[in-house]
Amino acid sequence: MADGYNHNVEDFREEEYPMLKDAIYLDHAGTTLYSKSLMERFMSDMMSNLYGNPHSASPSSQLSTNRIEDTRLKVLQFFNADPSAFDIVFTANATAGIKLVMEAFRDSKGGFNYGYHQDAHTSLVGVRENARASRCLDDEDVEHWLSASESLVEENSESAVNLFAYPAQSNLDGRRLPLSWIPRARNSSAVSQTYTLLDVSAFVSTAQLDLGDADTAPDFTVLSFYKIFGFPDLGALIVRKESGAIVKERKYFGGGTVDVVLCNKEQWHAPKGDSLHESLEDGSLSFHSILALDAAIDVHKTLYGSMERIAQHTAFLAQKLFDGLASLRHANSEPVCQIYSQRFASKTTAKIQGPIVAFNLRNSKGAWVSNTELEKLAAVRKFHIRSGGLCNPGGVAACLGLEPWEMRKNFSAGFRCGAETDIYSGKITGVIRASVGAMTTVGDIEAFIAFINEFYVDKATPQVVTEVSHVNESGQLVVESLTIYPIKSCGGLDVPVNTDWEVRPEGLAWDREWCLVHQGTGQALSQKRHPRMALIRPVIDFDEGVLRVRYIGSVEEISVPLSSNPAFFESVGGTQPSRVCGDAIVARTYAKPEINEFFSRILDVPCALARFPAGGSGFSTRHAKAHMQKHQKPKTSSSRPIQVPGTFAPPTPPDSDTEIQKRPILLSNESPILAINRASLNALNDEIAKVGGKLARASVFRANIVLSSPQSEDQEPYSEDHWTSLQIGKQTFQMLGSCRRCHMICIDQNTAEKNDQPFVTLAKTRRFDSKIFFGSHMCHVPSKSISKTSQFPTIRVGDLVTIATQDI
């Protein structure tokens, strides 16, 4: 830290930044703060002089024009830029500067190819929509491109120019990217000329931008001045004059950028050509803001001396913040913070890491702490931080390990920028960002670390509960197999061994989210009438984020996104109501002919693929119908919950209501999950064998879970009739009653051939009140303890199963 800097800031902060009274401001990457001296100087200037709109010969207009040009020169000097080599275009903000560049390249002959780094701000990402071809690159991709081992974009065109854009510093985690890429890109242009666009908005807040060498400088540099001075709300595009010809390709012109315009009888105009900024600054400039910028530069120098002093101070504070957060541990020694700004340990930290610490919080059990909840508490305690995706979509996806299909699925489930829910399927969707600035002090850092320590560090390890209540220890079971049926009534997909599979309120993840509906009636199709549906086999490809579907005996395959891509569906107005198991539903029907023709050809019936609900999550209008039957008589006992050895049982608040919970289901018939007992199936097959019938495979019952005992003689057939709950691995499930059966169980799932077994034998052995039952309905019981496993509950093949036969 620069000698005396922190003491100097503490001396003048109360006077210069009275808005900071009782507040800790750590959002300087959003905007830094304006000083009292700046606002007073600007107000005095406004009250002492008469400034008119430029572009006129009046004295007030000329005064404004002269001051603007003086400020233009002062800004170039602030960045050590030679006015003979650079021009500056004033804009509303950095994004407006990016749009100016984009418009020029879009209008250039042949268009342009666009490459942008994954750490780019959303405003840089948006340029891709106007490019002929675009590509998002990580560090390795950039190096391959610069070494000429691959093209900037995959669809490279020799006739188009290239534009490569990236931030000097990530606004998400503070990482500083190599400025050496700029001259390398300029010198390595083999076929197409390559221009560089550098976003320095986050960088210039606490570091000196040096454009002293025009040969190594970016062709286009964008920034927002409020990041440096707090005020005014103004941006700039700094253009390297040697590269300026292409920006004159821009077709649009506004007031003040042309010398002559013809409208009547002829349409012609003559753009101003004395300077680049004259042809790019459309309409009246924000001249009052530019005058404020003049004052901001002077006051900033008076208060802080130089950007180098600010850089040293903020680097020291950011390191202190990083070290403090990294040192926080729960009582069980688990880390409190997962930090994504990982370059503080380097000896050259200042060159590769800006003063930003991006992190998330976990509790002592590894569960994520919601960022939205943290922000609420921080606001109450007057800490100003920022959380979420931070307008850095590529960066947040990379650091959190979010795949494109997961982000699309989250969007389908209701995730939006600024939404309250920020944890989906055990993954958090954003980060917490604390960023320091010129007027931040050591006390601010210490206060924030103390805040995290006070509210988010578990000081005592919860007691481990060892007592097990109402558990039948005899006949230990395991999960023999897990199966999901992505498309209702079509073939099953076996979950591979050693694979954790998510359990959702609606059932196992991806189970029965899709269905086939008749294009005329809207009725959901089933194997009862269309046995060949058993030969339609879906496979989930998580790497590509798609559901692949094929038909046994055919090489043809179709795929649909796991996420809810609106381009694949019929319009909402054209959605046809459907019926599933007697329930009226509104499922979104796929619109692409090749998808629906694929299924129609197989089944020889006009049908369409539909999804309910779109995206596989969110509000469901269907609920479980399963209930305990008369032949099921669980023992009664106290209503104390089961405690499994090794699990934590912290105090929990009482339930807010006593109504019976409605259990959501997707397209399953009656319940979220269906299980069968291998011992019961073996007993059934023993009876079938006595009459010489075809033995039943487990697959005909289309269960999600098959339970078995390593020693088959240890498990009594049909004991599941009296189970009340199961503990599978670390997850609890409540039994909802026996599954009523129809003749669909007579369809062989491997051949689609029909038989009279096992229905006939079940009718003799498992008929109660004229209804036939086999298998058990169940649902997941969410844990009230917030832990890593409760945020992303999973089970797997081989999990141990503990049975409860008394009420819980």
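Definitions and limits used
- Residues numbered from 1 in each chain as written.
- Predicted model: local features only at pLDDT ≥ 70, side-chain atom pairs only at ≥ 80, totals over all residues.
- Heavy atoms only, no water.
- Patch = residues over 30% accessible without salt bridge, like charges linked within 9 Å, V, L, I, M, F, W, Y side chains within 5 Å.
- Areas by Shrake-Rupley, 256 points an atom, 1.4 Å probe, with all protein chains shown as cover.
- Salt bridge = Lys/Arg side-chain N within 4 Å of Asp/Glu carboxyl O.
- Helix = DSSP H or I, 4+ residues; strand = E, 2+ residues; numbered from the N terminus.
- Buried < 20%, exposed > 50% of the residue type's maximum accessible area, 1.4 Å probe, protein only.
- Axes fitted to C-alpha atoms, helices over the stretch in contact; angles between N-to-C directions.
- Parallel < 35°, antiparallel > 145°, perpendicular 65-115°, else oblique.
- Left-handed = near helix turned anticlockwise from the far one by under 90°.
- Contact = heavy atoms within 4.5 Å.
- Nonpolar A, V, L, I, M, F, W, Y, C, P; charged D, E, K, R; others polar.
- pLDDT = per-residue confidence, 0-100.
- Phe/Tyr/Trp six-rings, centres within 6.5 Å; stacked < 30°, edge-to-face > 60°.
- Lys NZ or Arg CZ within 6 Å of the ring centre and 35° of its normal.
- Expected span 1.5 Å × (residues − 1).
- Core = buried A, V, L, I, M, F, W, Y, C linked by side-chain atoms within 4.5 Å.
- Pairing = 2+ DSSP bridges.
- 1 Å grid on protein atoms, 1.4 Å probe; cavity = no way out; pocket = protein on both sides within 12 Å on 5 of 7 lines; lining within 4 Å.
- Points joined across faces, edges and corners; volume = space filled by probe spheres on them.

Trainee: I would appreciate a short explanation of a nonpolar patch on the surface in the present structure.
Mentor: A surface patch of nonpolar side chains, about 260 Å² in accessible area, is lined by Val 260, Leu 262 and Trp 268. Along the chain, the position of Val 260 falls in strand S9 (residues 258–262).

Trainee: Looking at this structure, how should I read the side chain of Gln 731?
Mentor: On the secondary structure map, Gln 731 appears in strand S35 (residues 731–740). On the accessibility criterion, Gln 731 (5% relative accessible area) is buried.

Trainee: Honestly, the packing of helix H3 (residues 59–78) against helix H10 (residues 287–304) in this entry has me stumped. Any pointers?
Mentor: For the pair H3 and H10, interaxial distance at closest approach is 9 Å and the crossing angle is 45°. Relative to H10, the element H3 is oriented oblique. You can see that H3 and H10 cross each other, and the crossing is left-handed. Across the interface between the two elements, Ser 64, Arg 67, Ile 68, Thr 71, Lys 74, Val 75 and Phe 78 of H3 pack against Phe 287, Ile 290, Leu 291, Leu 293, Asp 294, Ile 297 and Asp 298 of H10. Of the residues contributing to the contact of H3 with H10, the split by class is 8 nonpolar, 2 polar and 4 charged.

Trainee: Honestly, the confidence of the model for the chain in this entry has me stumped. Any pointers?
Mentor: Detailed conclusions should not be drawn from predicted coordinates in areas where pLDDT is low. Per-residue confidence for the chain gives a mean pLDDT of 88; residues scoring 70 or more make up 86%. With pLDDT under 50 throughout, residues 635–660 is counted as low confidence; its partners more than four residues away or in other chains account for 44 contacts.

Trainee: I keep staring at the packing of aromatic side chains and nothing clicks. Help me out?
Mentor: The geometry of an aromatic ring pair is captured by the separation of the ring centres together with the interplanar angle, meaning the angle of the planes. Here the structure, examined in full by the defined rule, presents 32 aromatic pairs. Plain terms: the ring middles of Phe 451 and Tyr 456 are 6.1 Å apart, the flat faces sit at 75° to each other, and that makes the pair edge-to-face. Look at Phe 451 and you get buried, because its relative accessible area is 2%. The class for Tyr 456 is buried, based on a relative accessible area of 13%. Measuring from ring centre to ring centre gives 6.5 Å for Trp 510 and Trp 514, while their planes differ by 15°; the resulting arrangement is stacked. An aromatic cluster is present here, built from Phe 105, Phe 112, Tyr 114, Tyr 116, Tyr 195 and Phe 220 joined pairwise through their rings. Directly above the ring of Trp 368 sits Arg 362, whose terminal nitrogen or CZ lies 3.5 Å from the centroid.

Trainee: What is the right way to read H3 from this model?
Mentor: In an α-helix, one turn spans 3.6 residues; hence positions three or four apart end up facing the same way. The end-to-end C-alpha distance of H3, which contains 20 residues, comes to 28 Å, matching closely the 28 Å that a straight helix rising 1.5 Å per residue would cover. When H3 is considered as a whole, its buried residues turn out to be Ser 60, Ser 61, Ser 64, Arg 67, Ile 68, Thr 71, Arg 72, Val 75, Leu 76 and Phe 78.

Trainee: Just checking my understanding: could you explain the nonpolar core for this structure?
Mentor: The nonpolar side chains of a soluble globular protein tend to be buried, and buried together. Counting residues in hydrophobic clusters, the biggest one holds 67 residues, and the most contacted among them are Phe 79, Phe 90, Leu 223, Phe 225, Ile 228 and Tyr 304. With 11 residues, the top contributor of residues to this core is H10. Counting 53 residues, the second largest nonpolar core, distinct from the first, contains Trp 510, Val 560, Phe 568 and Ala 675.

Trainee: So what exactly am I meant to see when it comes to the pattern of salt bridges here?
Mentor: A side chain of one charge can pair with a side chain of the opposite charge when the charged atoms of the two come close. What the rule picks out here adds up to 41 salt bridges. The salt bridge partner of Arg 175 is Asp 139, with a shortest N-O separation of 2.2 Å. Linking Arg 175 in the loop between strand S5 (161–167) and helix H7 (181–187) with Asp 139 in helix H6 (residues 139–146), this pair joins segments that are 36 residues apart in sequence. A salt bridge links Asp 748 to Lys 694; the shortest N-O distance between them is 2.7 Å. Note that Asp 748 is positioned in the loop between S35 and helix H19 (759–765) and Lys 694 in the loop between helix H18 (678–690) and strand S33 (705–708), a separation of 54 residues in sequence. Asp 748 gets classed as buried once you look at its relative accessible area, which sits at 9%. Here the residues in one salt-bridge network are Arg 41, Asp 45, Arg 67, Lys 74, Asp 294 and Asp 298, joined through shared partners.

Trainee: When you look at the sheet that holds strand S38 (residues 794–795) in this model, what are you seeing that I'm missing?
Mentor: Backbone-to-backbone hydrogen bonds join strands into a sheet, with any given pair of strands oriented parallel or antiparallel. Ordered in space as S22-S21-S38, the 3 strands form an open sheet in which the pairing is antiparallel. Every interior strand has two partners, whereas the edge strands, strand S22 (507–508) and S38, have only one.

Trainee: So what exactly am I meant to see when it comes to empty space enclosed by the protein here?
Mentor: Rolled over the atoms, a probe with the dimensions of a water molecule shows which regions are left empty. Per the counting criterion, the structure on display carries 6 cavities of 30 Å³ or more. Quantified by volume, the largest cavity comes out at close to 110 Å³. The wall of the largest cavity is formed by 14 residues, among which Lys 694, Leu 695, Ala 696, Val 700 and Asp 748 lie closest to the centre. When its volume is computed, the second largest cavity comes out at roughly 100 Å³. Lining the second largest cavity are 14 residues, with Tyr 17, Ser 35, Phe 229, His 300 and Tyr 304 sitting closest to its centre. Ranked by residue count, the leading element in the lining of the second largest cavity is H10, at 5 residues. The residue makeup of the lining of the second largest cavity, split by class, is 11 nonpolar, 3 polar and no charged.

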